[in-house]
Amino acid sequence: EQTAYVTAAGVLAELHREEAPDVLSNGAEVWPVLDFDQLALTSNADLYADWLRAERGGGPLEGAEREEWEKVRDGLIAQAMEFPRTFTLRDFHAENLLWLGNGELGLLDFQDAVRGWDAWDMAMLTQDSRRAVSPEAAEAAIRHYLDQTGKSREAFDERLAVIGALNALRIAGVFSRLQHRDNKPRYGLFQPRQLAILARNLSHPALKDMNAFVRRTTPFVFEGF
């Protein structure tokens, strides 16, 4: 496991050294590489507000709670928007990686690449809702990535927590919607791990406002943390 995750982190280090192109082309096909913008982050994070309380029989956040959510959400997104951008695959996790047997990885599901953040790809890799990544493998991957890129650990940990929390809010909301609207109960098997990922990211000091809000509105997020 550790070898695989360190290798994957090395692929990300190489990718993130490349400048994101404006377009990618294949023959006559031209595909723009877009910015991961505030609108996308907002609609993603709102899945938490719309769906997570359905896990305990509740409804979406409304009224004063919704107004407070939007204020706290926008504050967290503003933090993310200040982070430096990089070429980001966005769906970089175990199910989209192929171990080729010669120490190299093949990549699947790269059509959603954007100008995003280094921490998004690393959060997808090391904070996997569908697979329990050991703390040792996650730490080895992060250390290798930082060694290869020369980036600061303290600054990266903050980015990983902020971006990781925004991603975790999205995924937790999606998993709840899939269960309670779309009648797909198997996603309930992934939700405890996903909530623990969210709680862990919220424990970073940079997320104190979102931490307090989630503790008040969906305290069950922290039950297994």
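Details of the structure are given in the entry above.
Cut-offs used in this document
Within every chain, residues take consecutive numbers counted from 1 along the sequence as written. This being a predicted model, a pLDDT of at least 70 is required before a residue's local features are given, and a value of 80 or more before pairs of side-chain atoms are given or counted; all residues contribute to the totals for chains, interfaces and linings. Note that the side-chain values use all heavy atoms of the structure and ignore hydrogens as well as water. Starting at the N terminus, helices and strands are each numbered in turn, a helix being any DSSP run of H or I of at least four residues and a strand any DSSP run of E of at least two. Radius of gyration here is computed from C-alpha atoms only, and the compact-globule reference equals 2.2 Å multiplied by the residue count raised to the power 0.38. Think of it in three bands: residues with accessible area under 20% of the maximum for their type are buried, residues over 50% are exposed, and the middle band is partly exposed, with areas taken using a 1.4 Å probe on protein chains only. In this analysis, two residues are considered to be in contact whenever any of their non-hydrogen atoms come within 4.5 Å of each other. His is not counted here, nor are the chain ends, while Lys and Arg score as positive and Asp and Glu score as negative. We put the charge of a Lys on NZ, of an Arg on CZ, of an Asp on CG and of a Glu on CD. Patch rule: a residue counts if its relative accessible area is over 30% and it has no salt bridge; like charges are joined within 9 Å, and nonpolar side chains (Val, Leu, Ile, Met, Phe, Trp, Tyr) within 5 Å. Surface accessibility in these figures is a Shrake-Rupley result with a 1.4 Å probe; residues are shielded only by whichever protein chains are displayed. Any carboxyl oxygen of Asp or Glu within 4 Å of a side-chain nitrogen of Lys or Arg constitutes a salt bridge here. Only centres within 6.5 Å qualify two rings of Phe, Tyr or Trp (six-membered ring in Trp) as a pair; their planes then separate them into stacked at under 30 degrees, edge-to-face at over 60, and tilted for everything else. In this scheme, a helix's expected span is set at 1.5 Å multiplied by one less than its residue total. Two N or O atoms form a polar contact when they lie within 3.5 Å of each other; inside protein one atom must be a possible hydrogen donor and the other a possible acceptor, and for residues adjacent in sequence the pair counts only when both atoms belong to side chains. When DSSP finds at least two bridges between two strands, those strands are taken to pair.

Moving on, we come to the overall build of the chain. When you go through the chain residue by residue, the secondary structure sums to eight helices and six strands. Going from the N terminus to the C terminus, the chain shows its helices and strands as α-β-β-α-α-β-β-β-β-α-α-α-α-α. A compact globule built from 225 residues should have a C-alpha radius of gyration of about 17 Å, and the chain, at 18 Å, falls within 12% of that. Considering only C-alpha atoms, the chain reaches an extent of 50 × 35 × 35 Å along its principal axes. Looking at the chain as a whole, 48% of its 225 residues qualify as buried. For the chain, the share of sequence-separated contacts (at least 6 apart) that also reach a separation of at least 24 residues comes to 73%. Side chains of the chain carry 25 positive and 35 negative charges; the gap between the two charge centres is 5 Å.

Taken together, the side chains of Leu98, Leu100 and Leu108 define a hydrophobic patch exposed on the protein surface, amounting to about 260 Å² of accessible area. Note that Leu100 resides in the loop between strand 4 (97-99) and strand 5 (105-107).

Our focus in this paragraph is the packing of aromatic side chains. All told, the structure shown has eight aromatic pairs when counted by the stated rule. Look at Tyr48 and Trp69: their rings are 5.1 Å apart centre to centre, the planes differ by 35 degrees, and that puts the pair in the tilted class. Here Tyr48, found in helix 2 (residues 38-51), pairs with Trp69, found in helix 3 (residues 63-81); they are 21 residues apart in sequence, far enough to count as distant. Residue classification places Trp69 among the buried residues on the basis of a relative accessible area of 0%. Judged by centre distance (5.6 Å) and plane angle (35 degrees), the ring pair of Tyr145 and Phe156 falls under tilted. With a gap of 11 residues between them, Tyr145 in helix 5 (residues 135-149) and Phe156 in helix 6 (residues 153-180) connect regions that are remote in the sequence. Grouping residues by exposure puts Tyr145 and Phe156 together as buried.

At 3.6 residues per turn, the α-helix brings residues three or four places apart onto the same side. Given a rise of 1.5 Å per residue, 28 residues ought to cover 40 Å, and the 39 Å separating the end C-alpha atoms of helix 6 matches this to within 8%. Most of helix 6 sits out of view: 21 of its 28 residues are buried. Capping the start of helix 6 is the job of one residue whose side-chain oxygen sits 3.4 Å from the backbone nitrogen of Glu154: Ser152.

Two strands pair when backbone bridges link them, and strand 1 (residues 23-26) and strand 2 (residues 29-32) are joined in this way by four bridges, in the antiparallel orientation. From the neighbouring strand, Asn26 faces strand 2, where its bridge partner is Glu29. Linking strand 1 back to strand 2 in an antiparallel pair, the connection comprises two residues, with Gly27 at a positive phi of about 65 degrees.

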